[in-house]
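Geometric and topological summary
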Amino acid sequence: MKTLILHGKARCIYKPDKSNDDINTDYIISGRYKFHIENLQELSKHLFEDIDPEFLKRFEKGDFVVAGRNFGCGSSREQAPLVLKYAGVSAVIAMSFARIFYRNSFNIGLPLVECDTSGIEEGDVLKISLTEGIIENETKKKVIHTRPLPKFMINLLQDGGLVEHIKKYKMFKI
Amino acid sequence: MGKTIAEKIISKHTQLKKSTVVAGDVVLVKPDFIFAQDGTAGLVIDTLLSLKSSSARRKLIREASRCGFVIDHSSPSPQMSISKIHNKIRNFAKENDAHLFDIGNGVCHQVIPEGGFALPGRVVIGADSHTCTYGALGCCATGLGSTDVAIAMYTGYTWMKVPATFKIVCKGKLEKGVYAKDLILYIIGKLSAEGANYKAVEFYGDAISRLNMDGRFTITNMVVEMGAKFGIIPPDKKTIAWLKEHNVSRKYEIVHADKNATYEREYEFDVKKIGPQVATPHKVDNAVPIEKVIGTPISEAFLGTCTNGRYEDLYIAATILKNRRIHRDVKFIVAPASRKIMLKAMKTGVLSTLIESGAVVISPGCGPCVGTHGGIPADGENVISTANRNFKGRMGNPEANIYLASPATVAASAIEGKIADPRKYLTN
């Protein structure tokens, strides 16, 4: 069983209008790259480029992306969660997620955590327990309760994504 | 307890003995049609190929007749790397006997309904977020990612959480110069970009009944811009006539909601009060009455896409542009949504009118909407577009600004070189 406890720093993402709501998949990875770059490692160098060109400079592998409401709205491009994963993001923490992005992320084994992110600041050290639904903000000495993950999503994460899940069971095991 | 359309259609597509599912249930669903487009198909194919070693099967697609690939997003290919992806798609489709809609057929969201692959009562999934468009025909259609689509092609199934449903009733008659696009922009502005996240939305009311199918596709196309999973318009005579007109011979079943169906929320809009709307940069739910942005200079006008590239859209624009010239500082680009539409517009003279006015007509497909080709704006330029997204960078340049509006508003603005009210061109 894969460990579902994650440890890292918060990296807060904002749009130029200072809002962290509705960060869409075009902002995560622009269409002008994703249509012709197939190499995901290469593609991940353009993460958040259109809204925060400096993002990758302050980011370290294992960090969390922290945002507001409706993260991942817009296009169905799976390159969005994939570039987050290839850049080394260990989970995205947001107030809420858009539907297609939500599925895509768990399908490729990227954990998403839904909770009140208003008290999390840039650089805060966080410890997430995915199964228990708890985030410990070690910098602020606070505990945040997250929306519990549905069992199927935990299964997907433990199997390493939907493809591995299907290889293992030959069919969906809901 | 009564059932919504989504509950009924999903029930019919599960393998469950239990005859009905309700909102919140997570079930295995067998879609009637599954597809990907050239922006998402590369990953679909890679995922399927990765399953080859663990599969004893000869074919990676379980039922090829239910699967398709559409090359529309960067078509014809503007660069070598995309040409390579296109050939990968062509070869894979051929080897696996899947349907292939190559360059020039048009946007997936027009080609698939025209081909009879999205029918009343059906379930369709596609690796494109605007797959929800087909709900105008009374089906459950939704966008998923590449892995979901690959696994659905491989197993023949996908999982779905049965969505709760919103009921939106649109009453009254749209004013002259106000169209389906204005109505849906207005609704999204009211409900917000996540106002219907995870929900099915059923549309009712005389304003919806009065819309032709082209306008109905515009409505359901944009429900994903408020987060919805399905946008559904119950079929009527116009739906059936549209299917006949497109020679759809496959059987289908019309599904209506029960009178006592459970809706999570109900909204009612009086459409008489709605004038032309414009969604200002960089969010679709930034919808404002046109009066607030009239006079904003524009450098590019784009008429097309899965939202507004249909015959009626081209016709409306041509009505305004007849015997007029576009402003000399405007680049006016037109991409018909499909080859069929382009041919019809040629035969009726609509295309000539547009070209005579100064339009650049490009091949049927997504055109400049997704920022890979066909009219990428320069730094600082304002674009008025009939598309469904105005995100920063969407058309390939993060330094450009995109305003979304109806075909009529785009045509009027192309004439004036600034955002203009179409109503003054429609006086008689």
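Residue indices follow the written sequence of each chain, beginning from 1 at its first position. Think of it this way: whatever chain is written first is A, whatever ligand is written first is 1, and the rest follow in order. With the structure being a predicted model, the display of local features is reserved for residues of pLDDT at least 70 and the display and counting of side-chain atom pairs for 80 or more, all residues being used for whole-chain, interface and lining totals.

If you tally the helices and strands in chain B, you get 14 helices and 18 strands. It is over C-alpha atoms that the radius of gyration is taken, and the globule rule equals 2.2 Å times the number of residues to the power 0.38. Relative to the globule expectation of 22 Å for 428 residues, the C-alpha radius of gyration of chain B, 21 Å, shows essentially globular dimensions. For chain B, the spread of C-alpha atoms along the three principal axes comes to 60 × 55 × 40 Å. Once C-beta atoms are placed from the backbone, any two residues with those atoms within 7 Å are in contact. By sequence separation, contacts in chain B at least 24 residues apart represent 77% of the contacts at least 6 residues apart. Going along the chain from the N terminus, every DSSP run of H or I of four or more residues is numbered as a helix, and every run of E of two or more is numbered as a strand.

As a further point, take the environment of Ile298(B). All names here are of chain B. Within the element layout of this structure, Ile 298 appears in the loop between strand E13 (287-289) and strand E14 (300-304). Taking the C-alpha atoms as reference points, Ile 298 and Ser 413, separated by 115 residues in sequence, lie 7.6 Å from one another. Among all residues touching Ile 298, those that are not within four sequence positions of it are Val 330, Asn 382, Val 383, Ile 384, Ser 413, Gly 417, Lys 418 and Ile 419.

So, on to the sheet that holds strand E7 (residues 142-145) of chain A. Residues and elements named next belong to chain A. Paired strands, in this sense, are two strands between which DSSP finds at least two bridges. Spatial ordering of the open sheet is given by E4-E3-E2-E1-E5-E6-E7, a layout of seven strands whose pairing is mixed. Two strands lie at the open edges of the sheet, namely strand E4 (112-114) and E7, each paired on one side alone. Sheet twist, expressed as the mean angle between neighbouring strand axes with direction ignored, is 30°. In this structure, strand E1 (residues 5-12) lies alongside strand E2 (residues 64-66), joined through three bridges in parallel fashion. Along E2, the bridge assignment pairs Arg 11 with Val 65. Here, axes are lines fitted to C-alpha atoms. For helices the fit covers the stretch in contact, and angles between N-to-C directions go from 0 to 180 degrees.

Here we take up the interface of chain B and chain A. Of the residues lining the interface, 47 residues belong to chain B; the matching set on chain A comes to 37 residues. Put simply, the parts of the chain that give the side of chain B that touches chain A at least two residues each are strand E1 (26-29), helix H2 (41-50), helix H3 (80-95) and helix H5 (146-155) of chain B. No other element matches H5(B), which puts six residues into the side of chain B that touches chain A. Tallied by class, the residues present in the side of chain B that touches chain A amount to 17 nonpolar, 22 polar and eight charged. Just so you know the grouping, Ala, Val, Leu, Ile, Met, Phe, Trp, Tyr, Cys and Pro go in nonpolar, Asp, Glu, Lys and Arg go in charged, and all remaining residues, Gly too, go in polar.

We now examine the pairing of strand E6 (residues 140-143) of chain B. Residue and element names in this part refer to chain B. Here exposure depends only on C-beta density: within 10 Å of a residue's C-beta, 20 or more other C-beta atoms make it buried, 12 or fewer make it exposed, and intermediate numbers make it partly exposed, the C-beta atoms being placed from the backbone. Of the two faces of E6, the one holding Cys 140 and Thr 142 and the one holding Ala 141 and Gly 143 are both buried throughout. The pairing of strand E5 (residues 123-127) with E6 spans four bridges and is classified as parallel. Note that in E6 the partner of Val 124 across the bridge is Ala 141.

All right, on to unusual backbone geometry then. Note that the residue after Ser75(B), namely Pro76(B), is joined by a cis bond; omega there is -5°. Of note, Pro76(B) is situated in the loop between strand E3 (67-70) and H3. Residue Pro281(B) is joined to His282(B) through a cis peptide bond whose omega torsion reads -5°. Tracing the backbone through its elements, the reader meets His282(B) in the loop between strand E12 (277-279) and E13. Although it is not a glycine, Lys170(A) adopts a positive phi angle of roughly 70°. Structurally, Lys170(A) is set in the segment after helix H8 (162-169). Overall, Lys170(A) belongs to the exposed group, with 12 C-beta atoms counted inside 10 Å.

With that settled, consider the domain arrangement of chain B. All names here are of chain B. Domain extents, as shown, originate in an automatic or database domain assignment. Considered domain by domain, chain B is made up of domain 1 (5-268) and domain 2 (277-422). Taking only C-alpha atoms into account, the centre of domain 1 sits 25 Å from that of domain 2. Tallying the contact residues gives 36 residues for domain 1 and 34 residues for domain 2. When contributions to the side of domain 1 that touches domain 2 are tallied by element, the ones reaching two or more residues are helix H4 (108-114), helix H6 (180-191) and helix H8 (213-221). Top element by residues in the side of domain 1 that touches domain 2 is H6. It accounts for six residues.

In this section: the environment of Thr47(B). All names here are of chain B. Tracing the backbone through its elements, the reader meets Thr 47 in helix H2. On the basis of neighbour count, Thr 47 is assigned to the buried category, with 26 C-beta atoms found within 10 Å. In this structure, the C-alpha to C-alpha distance between Thr 47 and Val 178, residues 131 residues apart in sequence, is 45 Å.

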